[in-house]
Every structure is written in C-alpha cells, then in structure tokens.
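# Descriptive analysis of the structure
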Amino acid sequence: MFSVWNWVAHGLYLLLNVCSLEVSGGLVQSCGHIIPESPVLALGSNFTALCILNESCLDFGNIYANQIIWKIKNRVVPKEQYREINRTVSSVTFNDTSLLATPLTCNILADGQIEQNIYGITVTVGLPPEKPTNLSCIVYQVSRLTYPMNCTWNPGRHTFLDTHFRLKYRWPQENFPDCIPKDVNNSCTISDVQFFVNLEVWVEAANALGKAESDPLVLDPIEIVKPLSPHNLTVNSGILPTVLKLSWENRISAAVMKLKFNIRYRIVGSTNWIQVPPEDTASPRTSFSVQGLRPYTEYVFSIRCMKEDGVGYWSNWSEEKTGVTTEDKPSKGPPIWRIIDTSHSPASWTVHLMWKALEPFEANGVILRYEVTVRAKSSLSSPPEKYSVNTTNLTLKLLNGTYEVTVIAHNSVGASPPSVLLIPASNSKAPVKNVRTLPKDGKLWVGWTVPNSYVLKYVIEWCLVSNSSDCVIEWQNEPGNVQGTYLKGDIKPFKCYLITVYPLYADGQGSGQSVKAYLQQDRPSKGPTVQTKKVGKAEAVLTWNHLTVDEQNGFIRSYTIFYKTVDGNETAVTVDPSKTEYTLSSLTSDTLYTVRMMAYTDEGGRSGPDFTFTTQKFGKGEIEAIVVPVCLAFLLIVLLGVLFCFNKRDL
Amino acid sequence: GDSWGIFTFLCAALCNLPALPALNCTEELGAGQSIQKTYDLTRYLEHQLRTLAGTYLNYLGPPFNEPDFNPPRLARAERVPSATVDLDLWRGLTDNARLAANYRAYSRLLCYLRALDGQAGTAELRHRLGHFCSSLQGLVLSIAGVMSSLGYPLPAGPAGPPAPPGAPVAPNDFLKKMDDFWLLKELQTWLWRSAKDFNRLKKKVPPAVVTLRLEA
C-alpha cells in the first residue's frame, strides 16, 4: 500500500514538473529574458536591449540587476553602456550597431564570482535596401511566337541581410504578376510580353529593414526587340561573274515589325569583312544582289536585321553561307621572258620561253591552256607558228633573227588580252647604265640609270651563284618609267646573286647589264688555305686558292697574311684580293715559321689553317760557294802536298 | 488702305500662330502616337488571328475548317457583337461613336474569347490563344487611351461579363462549336474594319485636336 502511494506521489511530481516545463517553454527554465528577441538592426543606428530577470530566480542566492554582465560573443560590453533600470531589469545601449555581433548574452555574476548565462539573442545588423538604379530591359526573340523580356538593374549596395527583389510591371489599368529573379539579384526574365501597349516597369527591393523602389521605366516592348537573325540564307550565282544573289527568310512577320538589314561578306580565307552600304538594305526584303565582286572567287556571306526605324537592337549575325562567282575571261596576259642559249651554234638558237601564271584575280577562272604564237619578223613570208601548251614554258629551236612571241591565256569563258615579247636578232639598243644594289628592309633593291630613249619596260633577271648548283634564272617585269625596284622573290642572305637588267623597247632590246650582289654579307665560312710554293733562305713564296662563292658569304675585300716564328711577334701583311701569290722577304734563315691567312669581307674575317715551313739554312748557291772552294782548296793542298813529297824525294 | 489692313491682319495671325500649337503640342503628339500604336496593334492582332483561326478551326474539325463553310447567322449568335453594319452608316458616325463602339465590341469579344475551351488542342494552340487574348486586352486599353487623349468620355457600363455566367450555354457540342466559329469570324471583321478606322483617324488627328481645345 505504501508503495502505491509512493508511485502516485512520484507521478504527481513528474506531472507537475512537466506542466511547469510547458509553462516555462523550454528544457531549462531560464532566469530571465532579453527584449527584443532576435532584432534586425540598421547599421550605424543605436540600440538598447533590456535583460529582465525572473522573480523566481532572484530567490536563488541574491541575484540583482546590477550584477548583470552583457557580453557580445565572448567579449564583455563595457560597464559604461549599462544602465540599471530597477532591481530586475538591466539595459545596455549601443550607439553604433556596427560594433555589435551575434550573439548578445545577458550573464550574471552570481555568489562566488561564477558567471552564469541567463539569456541570449541573435542580433542581425544590416542596411535597408538602396533604391535600384539603371533599370534597362531588352526583348529577345526566342522563336517565331515567343518574346521574353529580360530586365537588369543595379541592386545597390550590399545590405548584409536577405534582400528580395521583384520586377513589377503593369499596363495602365491592368496589373501583372511580379517577376521573381532566380538565383540572382540583378535581373529577371518575363516569359512573354505584348507589343504596341506601353508597359510600366519598376523594381522593388525589400528586406527586414525596409523597402525601396526604382524609378519606373515606361516602354513599348516593340521598341526594345532584338530579333532572331534571318535564316535559310542561300547564295546563287547569276549570269554576271561579278554578281551573287542572296535570299533568306525573315523570322519576324511584317505585321509585327518591318525590318532593315546589314549584309556583310568576305573572301574565303580572309578575315576582312566588307559591308554592303546600309542604305541599300534599309528596307524590308528577302533577297539582295551583291555586285562588284571578283569573278571565280569564293565568298562568305552573313546578314543581320533590326526594326526598320532603327529603334531596338540588331540581331546576331546569321549563319554564314558561301557562294562562288562564275568565271570571267582573264583580265591580263601573262608576262613573258626568254633565255636564249647560243652555245650549240651561233646561227641556231635554243630559246626557252617562260611566262608567269596569272594571279587568281587576273585569271578569273581556271586557265586551261596557253596559246603561243611565234612570228618571224625578219622573214615576212613564213607564217606564224602556233603552239598550245598547258605549262608555263616552251622551248623552241629558232634560226637567228627577230621574232615576235604572243602568249594568250585561255579559260572556259574566253581569252586574255595578248602578251607580246619581242626577241630581236641582237640586243643592239641602248642598255641601262650604272646598275647598283642596296639591301633595304630585308629586301634587295636594284637601281639603274635610265637610257635616253623611251623604254617600254624593264626585265630584271637574277640567279643564285653557287658552285654546287646551276644558276637558275628568276625574273620580273618592271614598268618603263621606274629607275629601281625591289626584287620579288626569296633572296637569301649570305648568298651571291647575279642580277641583270634589260631594257625593252618597242622595236628592240638593250643588252643586259649585270652586277653581283648580296642581300646581307657575313664573314667567310672558311679561311684560305695557304701553302708555300718555294722556300728560300730569307724569303718564301706563298700561294693559295680563292675561296669558292659558297664559302665567301660576301665580297672579299682583302687578304691578310700573318707569319711568325716560334718565339717571335706576329707580322701582318695585307694583300690585294685578286692575288693568289705573295712573296715573304726578310726572313731569318733556318727558322721555323708559322703562317696563316685571313680573308675579309665587309662583315669580318675568317682565318685559314696554319702552315709551317722552315727557311733554308743556306741560300741558293751558298753551299756550292762553300763546298767548291773547299774542295778546290783541299785538292790544291793535296796537289801541293804531293808535289812537295815528290820534291822531297828527289833531293 | 486695304493692303495695309490685310498686312496688319497677316501680322496679327502670324504673331498668334506660334502660341496655338504650343498649347497642344504634347497632347497632339500623345494622341497621334496613341492612335499609331492602336493601329499597329490592330494589324498585329489581324496577323495573329490569321494563323490562330486556321489552327483553331482545324481543331474544331469539319465542317468548320472547310473554306467555303458559310452558315446562316442563328439567333443565338446575336450575342456576339456583329461587325456587319452598313459601311456608309458606319462612316457616318462621329469619331467618338465609332471609338466607343469599338471599345464596347472588343470588351465583349474578349470575354467570349476568354471563355473558349481552355483545354483546346495542342500546347502551341493554347499558347497562341493566350497571347492573342492578352493582345486583345491591350487593344481595349489602347482604345480607352486614345479616347481619353482625344478628350472623349469612356463608354459607361460594364465592359465586363455581358451575361451572367451559365446563361445560354450551348445546348450541344455542335452549337458550341458554331459559337466559336462566329466569334472568330466576327473578330476578323471587327479587326479589319478597326484597322481602317484607325488609319483614317491617324490622318485626321492634328486639326481635330486644335479645334476641340478652342471649343473647350
């Protein structure tokens, strides 16, 4: 029986405890609370919090409001900021909320100097939203029927709080649901807008500290449209080789918006876009003929559109489409030149005719063949000979005489104007004078003095001089009114080129004037190898070979011979570059000499290998001059001795 | 004598001339622009209706989508405001009367349009229908704007639902489709005529505004 009452008492006690727990609203009964709970404060403002102690707690060991210690996180708030309102209430004041942090706790210094926490609040400090600015909108056409509008704005300074932005828009008497930005705070997209009715748009920013609204923007969405670019662009070549016709489909109906266009084109492989004058495409259309193009050239086209009156945005450039213009006959004949080989017999020549293939913008198509006509001017009776070739050269055997060679290039459309070259029997007209060269900017410039007569054009030949390969002739034409030009072609540095200038007249040709030149000189790659031809007692004849062209790397301006004995100073002697022999004199006899040679160009010198020789001990005839008298003297002594002995015996 | 009088009169007229337009410059621009936008909107709606009508009639099925379908106008179709009024009679009306008639007609047409089958056809058809409804709503507002900028009062009375909901609902499916057919047909005619009205009004506006102000 007693145990039953025990259980009942325990049960009641527990029930009471549970009830009191529910009343106090927490697991642990707090001794006080702070007002306000979880405030949101504006940065820089002032704030006062009150800590109110529960009456029930005061009974536990003399707790008074003046023992309250306020703490921010773990730092104690200075006592100057406290104020004791009454026995159970303490307040703390902050003049500048920027010094506040979370949490703010109310603690008490109980008996025995133990600090106990009573309550805590989370403090959020932030700023009210700034007025959003720079609101701007654009309507992107996404498909034929869909026109979403995207608006962007400047959200203003960071508020440190959760700030919500809403894009609001309405018609004069009709409100639409707000647009709520997703994941960003500075833009929002309205899925579909109507045209031709003015829409008022503005942004509202709101957070726990306040609201702000941007200035409203009033616009008709038809004025801020970025249309889709025209598509299904097709390019057709017409009859004319300089015209291509473009057609396309517009993706925005004329009832919505009338369009104007920009068309641009470039040659395939080039990066330079050429614009069709915008005035020509400033009205609604679905096709256009582009003129002034080059024949037989591949072009890339692209087009974009916008509202005809210029209000709104240009669409993106459409997908590119290529087209090729048709062929046209060549605009020029190929330049011609010849190499005449008279080596076999002076009366019969081997003439190598050569001409340059036309550039694409002159050829206007694929050159199918060249028609070469050779007419002998010296004998009018023989008919002109025609040849049809598809290479750019032709070798003929002709008798000595004057000939007129015409070359015409043919493509599928027609023939080029004829190119004529006169091959006179002899180059009897006035040649140019004073051919000189000058390396400039990585290219070789050739100049000459114009002869007195009227020159039609000049032909400049050049070839690379080398021991290991033949001199292959390259050439170029120059107009008759110039006195100099740059060589077009790959001129290598440190290589010798033989350049010849021919003046061509209406009725003849001048002989070629040649000059050797280097684009850039260098010191020779090898030095001359010097040897002795003959060594005497006090002189030595040195001999060497000139360096080959490939070894020279420049014009040899001088040679220097250096010779020295084993322990002597080196002596240098300068020698003219045309010589191949030199005699050293005033040498010491019977001495070992080391000699070497350096060859100099304008850029420096290179030394050849050393050569040693020993001068003779005796000069020419010296030995004979000593031996013969010595032998004769010996003979004389022997004879005298023999005579003396005979005389002695006689007595 | 006479020439001096004429000269003085001309001077006076010229001196006063700058004052008059200044009074109504912004109003004139506002009204003119308003009418231009309403005209553009009417053309836009016509364009939308062309494709929309075709698609919707196909959804309704035969005989509504046959090109030569020309039913007699039944009594119940009288609810939809008819645009087939005598053209001379129509032109004889004042601008105010015409604008008011347009406003009332489109308001009612909009209601009927909104009541169209919300589950009609494909998602694309519903999207087009929704877009068209919004555009038509915009037209009603635009016409109201034009009327107020020209100084006309808006037509009184509800622009809202004309008949209590649930009243003459089509007794059968076929007649309901007939209602839809007539709605689209009348819309086409109204829009076609409105475009002409606004085009004419556009050219009329400047002197009309000046005279209005002077009378006031």
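Definitions and limits used
- Residues numbered from 1 in each chain as written.
- Chains lettered and ligands numbered in written order.
- Predicted model: local features only at pLDDT ≥ 70, side-chain atom pairs only at ≥ 80, totals over all residues.
- Heavy atoms only, no water.
- Helix = DSSP H or I, 4+ residues; strand = E, 2+ residues; numbered from the N terminus.
- Rg over C-alpha atoms; globule rule 2.2 N^0.38 Å.
- Buried < 20%, exposed > 50% of the residue type's maximum accessible area, 1.4 Å probe, protein only.
- Core = buried A, V, L, I, M, F, W, Y, C linked by side-chain atoms within 4.5 Å.
- Domains from an automatic or database assignment.
- Contact = heavy atoms within 4.5 Å.
- UniProt positions renumbered as here; feature names shortened; annotations may be inferred.
- Buried area = accessible area lost by both parts, 1.4 Å probe.
- Salt bridge = Lys/Arg side-chain N within 4 Å of Asp/Glu carboxyl O.
- Polar contact = N/O pair within 3.5 Å; in protein donor to acceptor, adjacent residues only side chain to side chain.
- Nonpolar A, V, L, I, M, F, W, Y, C, P; charged D, E, K, R; others polar.
- Disulfide = S-S within 2.5 Å.
- Pairing = 2+ DSSP bridges.
- Axes fitted to C-alpha atoms, helices over the stretch in contact; angles between N-to-C directions.
- Expected span 1.5 Å × (residues − 1).
- Patch = residues over 30% accessible without salt bridge, like charges linked within 9 Å, V, L, I, M, F, W, Y side chains within 5 Å.
- Areas by Shrake-Rupley, 256 points an atom, 1.4 Å probe, with all protein chains shown as cover.
- Phe/Tyr/Trp six-rings, centres within 6.5 Å; stacked < 30°, edge-to-face > 60°.
- Lys NZ or Arg CZ within 6 Å of the ring centre and 35° of its normal.

Once that is clear, we can look at the overall build of chain A. Across its full length, chain A carries 5 helices and 49 strands. Here the C-alpha atoms of chain A give a radius of gyration of 54 Å, more than 25% beyond the 26 Å that 2.2 N^0.38 yields for 651 residues. In terms of its C-alpha atoms, chain A occupies a principal-axis envelope of roughly 190 × 110 × 60 Å. Taking all 651 residues of chain A together, 39% fall into the buried category.

Counting 99 residues, the largest nonpolar core has M149, L167, F195, V201 and F301 of chain A together with Y106 of chain B as the members making the most contacts within it. A domain-level breakdown of this core finds at least three residues from each of domain 2 (133-223) and domain 3 (227-324) of chain A. Other than its neighbours up to four places away in sequence, Y106 of chain B contacts L136, L139, V140, I143, W190, L191 and S194 of chain B. Grouped together as the second largest cluster of nonpolar side chains are 27 residues, V372, L394, V459 and W475 of chain A included.

Those residues carrying the UniProt feature "transmembrane region" (unreviewed entry) are residues 626-646 of chain A in this numbering. Secondary structure over residues 626-646 of chain A splits into 100% helix and 0% strand, and the C-alpha atoms at its two ends are 30 Å apart.

Taken residue by residue, the interface counts 17 residues in chain A and 16 residues in chain B. Of all residues in chain A, the largest losses of buried area upon contact with chain B belong to L145, Q194 and F196 of chain A, amounting jointly to 38% of the total for that side. In this structure, the salt-bridge partner of D220 of chain A is K37 of chain B, at a minimum N-O distance of 2.5 Å. Across the chain A-chain B interface, the total number found is 7 residue pairs in polar contact (both at pLDDT 80 or more). In terms of residue class, the side of chain A that touches chain B is made up of 8 nonpolar, 5 polar and 4 charged.

All names here are of chain A. In the UniProt entry, the feature "domain: Fibronectin type-III" (unreviewed entry) is given for residues 131-228, 229-328, 333-431 and 524-618. Segment residues 333-431 splits into 4% helix and 52% strand. End C-alpha atoms: 26 Å apart. Here residues 524-618 runs as 4% helix and 48% strand, with 39 Å between its end C-alpha atoms.

All names here are of chain A. This structure, assessed with the given rule, holds 4 disulfides over all chains. At a sulfur-sulfur separation of 1.9 Å, the disulfide partner of C179 is C188. Between C179 and C188 the sulfur-sulfur dihedral comes to about -90 degrees; the bridge is accordingly left-handed. C188 shares its class with C179; the two are buried.

Quick look at the sheet that holds strand β24 (residues 287-290) of chain A now. All names here are of chain A. The sheet built from 3 strands is open, its strands ordered β20-β21-β24 with antiparallel pairing. Whereas interior strands pair on both sides, the edge strands pair on one side only; in this sheet they are β20 (231-237) and β24. Strand-to-strand, the axes of this sheet are offset by a mean angle of 20 degrees, without reference to chain direction. One ladder, built from 4 bridges, connects strand β21 (residues 244-249) with β24; its direction is antiparallel. Bridge pairing in β24 links K245 to S289.

Here helix α5 (residues 123-149) of chain B contains 27 residues, and its C-alpha end-to-end distance of 39 Å stays within 8% of the 39 Å for a straight helix at 1.5 Å per residue. Across the 27 residues of α5 of chain B, 19 count as buried, placing the element largely inside the fold.

As a measure of interface size, the accessible area lost when the parts come together is often cited. Taken as a whole, chain A is organised into domain 1 (32-126), domain 2 (133-223), domain 3 (227-324), domain 4 (336-423), domain 5 (433-518) and domain 6 (530-615). Placing a centre on the C-alpha atoms of domain 4 of chain A and another on those of domain 6 of chain A gives a separation of 54 Å.

All names here are of chain A. With respect to burial, strand β36 (residues 457-465) is a largely interior element, 7 of its 9 residues being buried. Here β36 pairs with strand β37 (residues 474-479) via 6 bridges, running antiparallel. From the neighbouring strand, V459 faces β37, where its bridge partner is N477.

Glancing now at the sheet that holds strand β26 (residues 321-324) of chain A. Each strand in a sheet pairs with its neighbour through backbone hydrogen bonds, running either in the same direction (parallel) or in the opposite one (antiparallel). Reading across from one edge, β23-β22-β25-β26 (chain A) is the order of the 4 strands in this open sheet, with antiparallel pairing throughout. In the strand order of this sheet, the two ends are held by β23 (274-275) and β26 of chain A, each with one partner.

All names here are of chain A. A cluster of nonpolar side chains, contributed by V628, L632, L635, L636, L639, L640 and L643, occupies part of the molecular surface with about 690 Å² of accessible area. Mapping L640 onto the fold places it in helix α5 (residues 622-650). Accessibility expressed as a relative area gives 52% for L640, which makes it exposed.

This part is about the pattern of salt bridges. All names here are of chain A. Under the definition given, this model contains 29 salt bridges over all chains. A salt bridge links R375 to E404; the nearest nitrogen and oxygen atoms lie 3.0 Å apart. Of this pair, R375 sits in strand β29 (residues 369-376) while E404 sits in strand β32 (residues 403-410), placing them 29 residues apart in sequence. Under the relative-accessibility criterion, R375 is labelled partly exposed at 34%. Classification of E404 by relative accessible area gives buried; the value is 17%. Because the salt bridges share partners, they merge into one network encompassing R166, K168, D178 and E204.

The subject of this paragraph is the side chain of N553 of chain A. Structurally, N553 of chain A can be placed in the loop between α4 (549-552) and β44 (558-565). Contact partners of N553 of chain A, with chain neighbours within four places excluded, come to F494, Y518, Q520, Q521, D522, R523, P524 and S525 of chain A.

Okay, the packing of aromatic side chains next. Scanning the entire structure with this criterion turns up 26 aromatic pairs over all chains. With a centroid separation of 5.8 Å and 15 degrees between ring planes, the pair formed by Y593 of chain A and F613 of chain A is classed as stacked. Remark: F613 of chain A occurs in strand β49 (residues 611-614) and Y593 of chain A occurs in strand β47 (residues 592-601); sequence separation between them is 20 residues. When its relative accessible area of 5% is taken as the criterion, Y593 of chain A is described as buried. Accessibility expressed as a relative area gives 5% for F613 of chain A, which makes it buried. Taken together, F64, F69, F174, F181 and W182 of chain B form an aromatic cluster joined through their ring pairs. Above the ring of W475 of chain A, the side-chain terminus of K356 of chain A is found at 4.3 Å from the ring centroid.

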